[in-house]
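# Structural characterization, general
Here is how the chains run, residue by residue.
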Amino acid sequence: MPDDNDLRAARLLHHRKAQLGPGDPISPPLISAATFHVPDHTLGGFTYGRAANPTWDTLEAQLSVLEDAPVVAFPSGMAAISAALMATLRSGARVVLPSDGYYNTRLFADAFLVPMGVTVDYLPTQAFDSSDFAGVSVVFLETPSNPGLDVCDIAETARRAHAAGALVIADNTTMTPFLQRPLDLGADIVVAADTKAPSGHSDLLAGHVACRDTAILDRVRNWRRLSGAVPGAFEAWLVHRGIETLEVRLDRMCRSAGVIAQRLAAHSAVRGVRYPGLPGDASHAICARQAQGFGFLIGFELPSAPVAETFLAACPFLAQSTSFGATHSSAERRARWGDPVAEGFIRLSVGVEPVEVLWQAIAEALPGA
Ligand SMILES: Cc1ncc(COP(=O)(O)O)c(C=O)c1O
């Protein structure tokens, strides 16, 4: 029996087959249109490009196979996150966000949710699965958190949130549905930045919301239509193309990350290595239980900001860029953006380079080489 992910990976590559007619292209056509032929609007079909587009539909059908849930596509991860929050929160509501997750989610909450009359509480990711959510409407978790790679138990967090009558939104960007399945663990809504591993080539921004509750997802779709935060057809087409190789890329990236994390942990110039796949890591036990892999992100500390910057500049096979999940390995010092981490803390996103070549380049650039 193939495992679920193998079957999912195969289905992703053939999800259009049932609808193909003779002469149809095997790869999906890219349809960029603001308007469609509408001689009679009561007949249905495509009307205007802000409401729906055939290339979005193709991407959403593919993402639905990945998530095993209906999906609404967005032009960025933040567009997906803001849509999910705006669709589920009202004035007077209380939301819990991670204090150590992706910083723009906090900035969005402070800039728009608070003035709207929403109370925003912050909790460290590790505290989510032991918290009492009485009085909370939405619990928004991110696990493993970016950039600290702390985790919470999704099922236990969802159990506690549901006991308090709260909805659970999970940002699954750092893992993707191949490595972690929040909806199957009890989350109500998944949000993700497809800018990262799903598209995988650092050439576009994209995101999606997945949810098995039709009423909630209809509200999310309505938010997209009325706010106008719609994906471009070309970007949607590129994400679809990227996802066809997601499982293969992740396999290489996660295996390499495991090797590199071990070697960093054994290196005398490196401290504080975080990788959920290391048996001694604080995230290991929960991740091993609830995830299908440990991801491709590694955190580690060099002694200071200048030492870290020198390392990043010296390594020929690390793109010095923000973001993660691409074919090329990349790394950056997260304190430069104000993340609550040490000045010399580096987030390393392991790409698909052959691991020994990548490790040699990293080792030669580390202090003391
Ligand atoms: C965990 C996480 N969620 C969401 C986002 C936002 O994605 P985007 O940049 O596509 O808006 C990011 C971006 O880095 C992220 O790391």
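Scroll up to find the structure.
Read on for an overview of the structure. Since the structure is predicted, the reported quantities are computational estimates derived from the model, not experimental observations.

### Here we look at the packing of helix H8 (residues 246–265) against helix H11 (residues 355–365)
Relative orientation of the contacting elements H8 and H11 amounts to 30°, with a least axis distance of 10 Å. In terms of orientation, H8 lies roughly parallel with respect to H11. As for the relative orientation of H8 and H11, their crossing is right-handed in sense. In this structure, H8 contributes Ser 256, Val 259, Ile 260, Arg 263 and Leu 264 to the contact, and H11 contributes Val 355, Glu 356, Leu 358, Trp 359 and Ile 362. Class assignment for the residues of the contact of H8 with H11 results in seven nonpolar, one polar and two charged.

### Concerning the sheet that holds strand E7 (residues 207–211)
Spatially, the seven strands line up as an open sheet ordered E1-E7-E6-E5-E4-E2-E3, and their pairing is mixed. Strand pairing shows two members of the sheet lacking a second neighbour, strand E1 (71–74) and strand E3 (119–123), which therefore form its edges. Neighbour-to-neighbour, the strand axes of the sheet open up by a mean angle of 20°, direction not taken into account. Judged from the five bridges that link them, strand E2 (residues 94–98) and E3 form a sheet pairing that is parallel. Along E3, the bridge assignment pairs Leu 97 with Tyr 122. The sheet strands contacting helix H6 (residues 214–227) are E1, strand E5 (167–171), strand E6 (189–193) and E7, and the helix crosses E1 at an angle near 20°.

### Topic: helix H4 (residues 103–113)
One full turn of an α-helix is made of 3.6 residues, so residues set three or four places apart face in the same direction. Among all positions of H4, only Thr 105, Arg 106, Phe 108, Ala 109 and Leu 113 are buried. For H4, the arc enclosing every buried residue in end-on projection is 160°, short of the 170-degree limit, so these residues lie on one face. On the buried face of H4, the contacting elements are helix H3 (77–88), E2, E3 and strand E4 (138–142).

### Some points on the site of the ligand
For the ligand, the set of nearby residues contains 14 residues, the closest of which are Gly 77, Met 78, Asp 171, Thr 195 and Lys 196. Between a nitrogen atom of the ligand and a side-chain N or O atom of Asp 171, the distance comes to 2.7 Å. The side chain of Lys 196 places a nitrogen or oxygen atom 2.7 Å from an oxygen atom of the ligand. Looking at the shell around the ligand, the element that brings in the most residues is H3, giving three residues. Classifying every residue of the shell around the ligand by side-chain character gives six nonpolar, five polar and three charged.

### Let's talk about the pattern of salt bridges
For the structure shown, the criterion picks out 19 salt bridges. Its salt-bridge partner being Glu 301, residue Arg 271 comes within 3.9 Å of it at the nearest N-O pair. Separated by 30 residues along the polypeptide, Arg 271 in strand E8 (residues 271–274) and Glu 301 in strand E9 (residues 297–301) bring together distant segments of the chain. Assessed through its relative accessible area of 47%, Arg 271 is described here as partly exposed. Judged by relative accessible area, Glu 301 falls into the partly exposed class, the value being 23%.

### Remarks on the nonpolar core
Residues Leu 59, Leu 66, Phe 178, Ile 243, Leu 250 and Phe 296 are the most contacted members of the largest nonpolar core, which totals 33 residues. When contributions to this core are tallied by element, the ones reaching two or more residues are helix H1 (4–14), helix H2 (54–67), E1, helix H7 (233–243) and H8. In terms of residues, this core owes the most to one element, H2, which gives five residues. Every residue in contact with Ile 243, bar those within four places of it in the chain, is listed here: Leu 12, Leu 59, Gln 62, Leu 63, Leu 66, Pro 198 and Arg 249. Within the second largest apolar cluster, 28 residues are counted, among which are Ala 80, Leu 113, Ile 169 and Leu 217.

### Let's talk about the sheet that holds E9
On the basis of which strands lie adjacent, the open sheet formed by five strands has the order E8-E9-E12-E11-E10 and mixed pairing. Each of the sheet's edge strands pairs with one partner strand only, and the pair in question is E8 and strand E10 (319–320). Note: strand E11 (residues 330–333) against strand E12 (residues 345–349), four bridges, orientation antiparallel. Residue pairing in the sheet places Ser 330 in a bridge with Ser 349 of E12. Running over the sheet, H8 touches E8, E9 and E12 and is turned about 10° from E9.

### Some words on the pairing of E7
Among the five residues that make up E7, five are buried, leaving the element largely enclosed by the rest of the structure. With four bridges joining them, E1 and E7 adopt antiparallel strand pairing. Across the sheet, Phe 74 pairs through a bridge with Gly 207, a residue of E7. Alignment of E6 against E7, held across five bridges, turns out to be antiparallel. Considered in E7, the bridge of Val 191 is made with Val 209.

### Quick notes on the packing of aromatic side chains
Counted by the stated rule, this structure contains seven aromatic pairs. Their ring planes at 70° and their centres at 5.5 Å tell us that Tyr 102 and Tyr 103 sit as a pair that is edge-to-face.

### Overview of helix H10 (residues 305–314)
Among the residues of H10, Ala 305, Ala 308, Phe 311 and Leu 312 are the ones counted as buried. Axial view of H10: buried residues confined to an arc of 125°, hence all on one face. Exposed side of H10, more than 90 degrees from the buried face: Pro 306, Thr 310 and Ala 313 are the residues found there. The distance from a side-chain oxygen at the start of H10 to the backbone nitrogen of Val 307 is 3.3 Å, and the residue carrying that oxygen is Ser 304.

Reading guide: rules and limits
- Residues numbered from 1 in each chain as written.
- Predicted model: local features only at pLDDT ≥ 70, side-chain atom pairs only at ≥ 80, totals over all residues.
- Heavy atoms only, no water.
- Axes fitted to C-alpha atoms, helices over the stretch in contact; angles between N-to-C directions.
- Helix = DSSP H or I, 4+ residues; strand = E, 2+ residues; numbered from the N terminus.
- Parallel < 35°, antiparallel > 145°, perpendicular 65-115°, else oblique.
- Left-handed = near helix turned anticlockwise from the far one by under 90°.
- Contact = heavy atoms within 4.5 Å.
- Nonpolar A, V, L, I, M, F, W, Y, C, P; charged D, E, K, R; others polar.
- Pairing = 2+ DSSP bridges.
- Buried < 20%, exposed > 50% of the residue type's maximum accessible area, 1.4 Å probe, protein only.
- Arc of directions from axis to C-beta.
- Near = heavy atom within 4 Å.
- Polar contact = N/O pair within 3.5 Å; in protein donor to acceptor, adjacent residues only side chain to side chain.
- Salt bridge = Lys/Arg side-chain N within 4 Å of Asp/Glu carboxyl O.
- Core = buried A, V, L, I, M, F, W, Y, C linked by side-chain atoms within 4.5 Å.
- Phe/Tyr/Trp six-rings, centres within 6.5 Å; stacked < 30°, edge-to-face > 60°.

The values are spatial; any link to function lies outside them.
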